[in-house]
Amino acid sequence: MKILVVGGGGREHAIIRKLKESPKVEAIYCAPGNGGIAADAECFPVNAMDIEGMKALAKEKAVDLVFVAPDDPLAAGMVDAMEEAGFKAFGPRASAAIIESSKVFSKDLMKKYGIPTAGYEVFDDPAKALAYIESQGKYPVVVKADGLALGKGVIIAENYDMAKEAVHSIMEDKVFGASGNQVVIEEFLTGPEVSVLAFTDGKTLKPMVSSKDHKRALDGDKGKNTGGMGTVSPNPYYDDAMAQRCMEEIFLPTVAAMNAEGRPFKGCLYFGLMLTPDGPKVIEYNSRFGDPETQVVLPRLKSDFADIILAVAEERLADQPVEWSDEAAACVVMASGGYPASYPKGLEITGLDENGQLPGAEGVTVYHAGTALKDGKLVTSGGRVLGVTALGKTLDEALNKAYAAVEKIHFDGAHYRKDIGRTR
């Protein structure tokens, strides 16, 4: 198989490294890719949102499958375009990707089909949104931009002033652009968070191993929301009984609901869950592999990844084995100083070999999220720069290996959390 992977972050690097393990994959192309991905796939400077450019590249390379990894091109209909051009594609069509690209759609879907989630109301008028928040008088309260916002469109407001600022910045300042035309005001849920990604071909659903993401920028879950500062797998709060309950109450009902709406979902469906005192509830859906959850989930996959994604694309997942290792995995994100606000770029990264990996570190993989090659040297090019991931027999072993590896990698102003896997 020849596969084109669309995207250029840590998630795409994890996808490519796993595909490389398959004896059935003869060539992997990535667009746009990054400095580290270039060691594992042939990269092309085509923007991830350039549907016509991607189609032309897929034709030029005569690929067998296009793996659309990021949320924006999925919402824009890249899978639709690829399938119409005769290519097999992994990922949902735009009509199904709406489960992530519109919070209003996903909340209304859950309400209609009785899938457990936080109570909410939808507003397109900032004054009405604030009047509702004031009338409820319950804090913290969650303010969500309706559309895609790079994983940062959710603000947890501790009081009315913070809620006012959140509504103002999303709806009036348009910090997330048109994504803020509507907001969802949601009750604040408590309990451990769990991420569960699942393969589904619209008929069969096979969950992956659980993970836990740490979204806040600073230790102790302080600071601003980010795209994710680190992850562990398995999630220590998610046991077999809870997995069975989520399958019956959330996962299968979601697939059935999308089918009932005439929007069959094929690809990777991500469930962001909160294990509340009242049982598991959905915080959010994503229409693709999570970042950085992918960096701890895929290293634990024992089955052939290429076989699985082809089975999903061809709607025969029921017959495809999906097996997992019992090892634990931990990923620590090394971010640019200043992230998620403004940060410098172009800083040299030292400690890695010519393939962008850590020499002699067994069981450790360095996934590149925001790196570039400049004059033959690896430099920073994004907010989240590297995802340093380790496997171990236990979570503690994996965490210790990941943190030991982080100490050997350097770039000016590097920032990472010291408590990944240690907090709820």
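All chains use their own residue numbering, which begins from 1 and follows the written sequence. Totals for whole chains, interfaces and linings use all residues, but because this is a predicted model, local features are given only for residues with pLDDT of at least 70 and pairs of side-chain atoms are given and counted only at 80 or more. Where side-chain values are given, they derive from all heavy atoms of the structure, hydrogens and water being excluded.

### Remarks on unusual backbone geometry
Where we set the bar: Strands here mean DSSP runs of E at least two residues long; helices mean DSSP runs of H or I at least four residues long; both are numbered from the N terminus.
Between Ser233 and Pro234 the backbone carries a cis peptide bond, its omega angle lying at 5°. Within the fold, Pro234 resides in the loop between β15 (230–233) and α9 (240–260). In this structure, the amide linkage connecting Tyr339 to the following residue, Pro340, adopts the cis form with an omega of 10°. Here Pro340 shows up in the loop between β18 (328–335) and β19 (364–368). Of note in the backbone geometry, Lys174 takes a positive phi value of approximately 55° without being a glycine. Structurally, the position occupied by Lys174 is in the loop between α8 (160–172) and β9 (183–187). Although it is not a glycine, Glu315 sits at a positive phi angle of roughly 55°. Note on placement: Glu315 falls in the loop between α11 (305–313) and β18.

### With respect to the pattern of salt bridges
Just so we agree on the cut-off: By convention in these notes, a salt bridge is any Lys or Arg side-chain nitrogen within 4 Å of a carboxyl oxygen on Asp or Glu. Throughout, exposure labels follow a simple rule: accessible area from a 1.4 Å probe, protein chains only, divided by the maximum for the residue type, with under 20% read as buried, over 50% as exposed, and the rest as partly exposed.
For the structure shown, the criterion picks out 24 salt bridges. For Glu12, the salt bridge identified is with Arg11, shortest N-O distance 3.0 Å. Like Arg11, Glu12 is buried. The partner of Asp40 in a salt bridge is Arg17, and the shortest N-O contact between them spans 3.4 Å. One end of the pair, Asp40, is in the loop between β2 (27–32) and β3 (42–43); the other, Arg17, is in helix α1 (residues 10–20), and 23 residues separate them in sequence.

### What about helix α5 (residues 94–101)?
Heads up, the rule is: By the convention used here, residues are in contact when the closest approach between their heavy atoms is within 4.5 Å.
Listed as buried for α5 are Ala96, Ala97, Ile98, Ile99 and Glu100. Where α5 is buried, its residues contact α3 (71–75), α6 (103–113), α9, β16 (267–276) and β17 (279–286).

### As for the sheet that holds strand β4 (residues 65–68)
Formally: For two strands to be treated as a pair, DSSP must find at least two bridges joining them. Every axis in this analysis is a line fitted to C-alpha atoms, fitted for helices over the stretch in contact. Angles between the N-to-C directions lie between 0 and 180 degrees.
Spatially, 5 strands are ordered β3-β2-β1-β4-β5 in an open sheet, and the strand pairing comes out parallel. Sheet topology places β3 and β5 (88–90) at the edges, where each strand pairs with a single neighbour. Strands in contact with α1 are β1 (2–7), β2 and β4; relative to β1, the strand with the most contacts, it is inclined by about 165°. Relative to the sheet, helix α2 (residues 51–60) contacts β1, β2 and β4, its axis offset from that of β1 by approximately 160°.

### What about the packing of α6 against α9?
The cut-off we apply is this: These descriptions rest on fixed angle ranges, namely under 35 degrees for roughly parallel, over 145 for roughly antiparallel, 65 to 115 for roughly perpendicular, and the rest for oblique. Any residue that is not Ala, Val, Leu, Ile, Met, Phe, Trp, Tyr, Cys, Pro, Asp, Glu, Lys or Arg is counted as polar, Gly included; the first ten are nonpolar and the last four charged.
At a minimum axis distance of 10 Å, the contact between α6 and α9 shows a crossing angle of 100°. Regarding the angle of α6 to α9, the classification is roughly perpendicular. Each of Phe105, Leu109 and Tyr113 in α6 lies in contact with α9, whose residues at this interface are Ala257, Met258 and Ala260. Across the contact of α6 with α9, the residue classes break down as 6 nonpolar, no polar and no charged.

### A few points about the packing of α5 against α6
It is the contact of α5 with α6, at a shortest axis distance of 6 Å, that shows an interaxial angle of 90°. Relative to α6, the element α5 lies roughly perpendicular. Here Ile98, Ile99, Glu100 and Ser101 of α5 lie close against α6, whose contacting residues are Lys103, Phe105, Ser106 and Leu109. Looking at side-chain class alone, the contact of α5 with α6 contains 4 nonpolar, 2 polar and 2 charged residues.

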